[in-house]
Amino acid sequence: MLAVGAVAFVYTVVMAGGTLTIPLYVLWASQFGFGSLTTVVVFIAYVVGVVGTLLVAGSLSDAVGRRPVLALSLALTALSAVGFALADGLTVLLISRVLSGVATGLITATATSAIAELVRGRRTAAVLSTAANVGGLSLGVVAAGVLAQCVTAPTHTVFWCYLATCAVAGVFWLVIPETADRTADGAAGRSVRWQPRIRRPVLPDGASRVRSFVASGVLVAASSGVNGFFSSLAPAFLRDDLGVSNFAVIGVGVGTLFISALLAQTVTPAALVRRGIGTALLAVGMIVIEAALWTHSAPLFIVGTVFAGAAVGTLLRHGLSVTDALCHPGNRAELTATYFLFLYSGLVVPVLVLGLADQAVGTRASSTMLAALVVSTALVGLALGRRTEPASTPDTFSRPSTHRTPVEENHE
């Protein structure tokens, strides 16, 4: 249990580094003189770092081991924090965001795989992984907002405090054992080798299992559009459209999304972690958020955020469970990296559309476009999932199966 807790803590700390910047964008925008579109570009620099790393190094820990990659991701997130603390212009912000994205890209597949290898029980592993992932996101934005309200020079102090947390995570890393099997790929008993090149995303074997995996990926991509909005422009929307100027309130308001997602992952009964339920929650959340922006109602915005966060948590937990069920023993990180490619690729288009539309047609119209894009994408994923045929269990990759995995039985 100590090893599992150590992996989860390191995972949480690195993920927190990805959201520390959210309440601070309005300060940097004022300090460096940029608007909503530039804020989106800074956020997308993070996504580019994540996606590029997943494409190039998603399977790195399958070859070199989990511990070295966990250490590298922790070192890179600490380096990005130094960059943010010393930033004197947009260029340094962009570089630091890319480094933060690289750290996230390394940690997601690696820590998720390590937890799955340390914990017995697919559902338990999925809950722990998503709790560390989304828990870190929520802690980062809430802590940054509270500190920004309470300390002087928040764009510096927040990151010096975070560096101290990274040092503690480094101590926890020392007790993490190596869990990766680097001698065989599980499918054919071949030696696992890794070379730095852009890799084609992998898919599970069998048409029915591919459909199940892709359906989960499309759904989590849809939910990522909500994450992207809250991680980039939501603070400015809260300030300019809802009249919220307190950084702590902004941090908690944005953090409500991630906290709700965390609760959905950790306390929701497995029988309710289904594609249909997650899609319904997402649609309700986006409708209520839109109503809040059109009526300038902060309380309604929080209500919508709770529903949207529950959808994000439900769909993420569902997708991780399905992914783990479809992994070969030797390609766990590689397939998990493909799943996270869906997740982070889903951030780019909606947020970029939102940033461009915000300048062209205004906040309310652009947010309506985002809501329509998110919900329609989720419906595509749901329709694809309805067509999924029975898939084989993780123990029967080599032969067809006539029954469903526990994941698919409980989560469709």
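Anything mentioned here points back to the structure above.
Residues numbered from 1 in each chain as written. Predicted model: local features only at pLDDT ≥ 70, side-chain atom pairs only at ≥ 80, totals over all residues. Heavy atoms only, no water.

**Description of the packing of aromatic side chains**
Alright, step 1. Following the criterion strictly, the structure yields 12 aromatic pairs and no others.
Alright, step 2. Ring plane angle 35 degrees and centroid distance 6.3 Å describe the contact between Phe43 and Tyr46, whose orientation is recorded as tilted. Taken together, the positions of Phe43 and Tyr46, both in helix α3 (residues 36-57) and 3 residues apart, correspond to about one turn of that helix. Here the two residues Phe43 and Tyr46 agree in accessibility, since each one is buried.
Alright, step 3. Put simply, the rings of Tyr25, Trp28, Phe84 and Phe159 pair up and form one aromatic cluster.
Alright, step 4. Here the basic side chain of Arg67 rests over the ring of Trp173, its NZ or CZ set 4.1 Å away from the ring centre. (Phe/Tyr/Trp six-rings, centres within 6.5 Å; stacked < 30°, edge-to-face > 60°. Helix = DSSP H or I, 4+ residues; strand = E, 2+ residues; numbered from the N terminus. Buried < 20%, exposed > 50% of the residue type's maximum accessible area, 1.4 Å probe, protein only. Lys NZ or Arg CZ within 6 Å of the ring centre and 35° of its normal.)

**Structural notes on helix α14 (residues 332-361)**
Alright, step 1. A rise of 1.5 Å per residue sets the reference length of α14, with its 30 residues, at 44 Å; its end C-alpha atoms lie 44 Å apart and thus fit the reference within 8%.
Alright, step 2. Once α14 ends, the next one or two residues include Gly362, with phi positive near 100 degrees. (Expected span 1.5 Å × (residues − 1).)

**A look at empty space enclosed by the protein**
Alright, step 1. Counted according to the given criterion, the structure contains 5 cavities of 30 Å³ or more.
Alright, step 2. What the largest cavity holds in volume is close to 190 Å³.
Alright, step 3. If you trace the largest cavity, you find 19 residues lining it, with Leu137, Asn227, Phe258, Tyr344 and Leu347 closest to the centre.
Alright, step 4. At 5 residues, helix α9 (residues 207-232) tops the list of elements feeding residues into the lining of the largest cavity.
Alright, step 5. Here the lining of the largest cavity is composed, by residue class, of 12 nonpolar, 7 polar and no charged.
Alright, step 6. In this structure, the second largest cavity occupies an estimated 100 Å³ of space.
Alright, step 7. In terms of lining, the second largest cavity is formed by 13 residues, of which the most central are Thr112, Ala116, Ser129, Leu320 and Asp324.
Alright, step 8. Secondary structure elements with two or more residues in the lining of the second largest cavity: α6 (90-118), α7 (122-150), α13 (298-325) and α14.
Alright, step 9. Looking at the lining of the second largest cavity, the element that brings in the most residues is α7, giving 4 residues.
Alright, step 10. When grouped by side-chain class, the residues that make up the lining of the second largest cavity number 5 nonpolar, 5 polar and 3 charged. (1 Å grid on protein atoms, 1.4 Å probe; cavity = no way out; pocket = protein on both sides within 12 Å on 5 of 7 lines; lining within 4 Å. Points joined across faces, edges and corners; volume = space filled by probe spheres on them. Nonpolar A, V, L, I, M, F, W, Y, C, P; charged D, E, K, R; others polar.)

Geometric values such as these leave the question of function open.
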